[in-house]
Amino acid sequence: MKFDEFWGMMVVDLAEPKQFTTQTKSFSAKYSGGRIMVTTNDSLWPIDRSTMKQIWTKALSIHEKMRFIHTNYSHENIRTSSYIISLMKHYVADESTME
């Protein structure tokens, strides 16, 4: 799966809010205004396409069995990386198909 396919799938599927979970907390995600809006119990986090692409590109450099492990992205200094990884894990059925 290419990044543009992944993004397009999310845009369509997240027209209405959906529930997801990181390793530690639940959140909802909705596509709005060109961004994915993540809502937790106490915060609202916008995720731009460019930020999502940055994590996607990093994931491609990691061994496929390690791509959806949140701690592999701690050096990226992106506060929303755990939400992005959870979304990637949900929408990319097989991490070996990422390209």
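Here the structure is a predicted model, which means the values were calculated and not measured.

Moving on: the packing of helix α1 (residues 3–13) against helix α3 (residues 81–91). For the pair α1 and α3, the least separation of the axes is 11 Å and the interaxial angle reads 90°. Relative to α3, the element α1 lies roughly perpendicular. When α1 is examined against α3, the residues Phe6, Met9, Met10 and Asp13 are found in contact with a partner set consisting of Leu87, Met88 and Tyr91.

Attention now goes to helix α2 (residues 49–60). In this model, α2 (12 residues) spans 16 Å end to end at C-alpha, consistent with the 16 Å of a helix rising 1.5 Å per residue. For α2, the complete set of buried residues consists of Met52, Ile55, Trp56 and Ala59. One face of α2 carries all of its buried residues, which in axial projection span an arc of 105°. Looking at the packing, one finds that the buried side of α2 touches α1, β3 (35–39), β4 (44–47) and α3.

Let us now look at the side chain of Arg67. Of note, Arg67 is situated in the loop between α2 and α3. Polar side-chain contacts of Arg67 include one of 2.8 Å to the backbone oxygen of Ala59. At a separation of 3.2 Å, a polar atom in the side chain of Arg67 contacts the main-chain carbonyl oxygen of Ile62.

Each value, and the rule that gives it
Residue positions within a chain follow its written sequence, with the count starting from 1. Side-chain atom pairs in this predicted model are given and counted only at pLDDT of 80 or more, local residue features only at pLDDT of at least 70, and totals for whole chains, interfaces and linings cover all residues. Just so you know, side-chain values use all the structure's heavy atoms and leave hydrogens and water out. Between N-to-C directions, angles cover 0 to 180 degrees, with each direction set by a line fitted to C-alpha atoms, over the stretch in contact for helices. For the purposes of this entry, the term helix denotes a DSSP run of H or I that reaches at least four residues, the term strand denotes a run of E that reaches at least two, and both are numbered from the N terminus. Put simply, angles under 35 degrees are roughly parallel, angles over 145 are roughly antiparallel, angles from 65 to 115 are roughly perpendicular, and the rest are oblique. Should any heavy atoms of two residues lie within 4.5 Å, those residues are considered in contact. To estimate the expected span of a helix, count its residues, drop one, and scale the result by 1.5 Å. Only protein chains enter the calculation, and the probe is 1.4 Å; a residue is then buried if its accessible area is under 20% of its type maximum, exposed if over 50%, and partly exposed in between. Note that the arc is defined by the directions from the helix axis to the C-beta atoms. Under this definition, polar contacts are N or O atom pairs within 3.5 Å; protein pairs additionally need one hydrogen-donor-capable and one acceptor-capable atom, and for neighbouring residues in sequence, both atoms have to be side-chain atoms.

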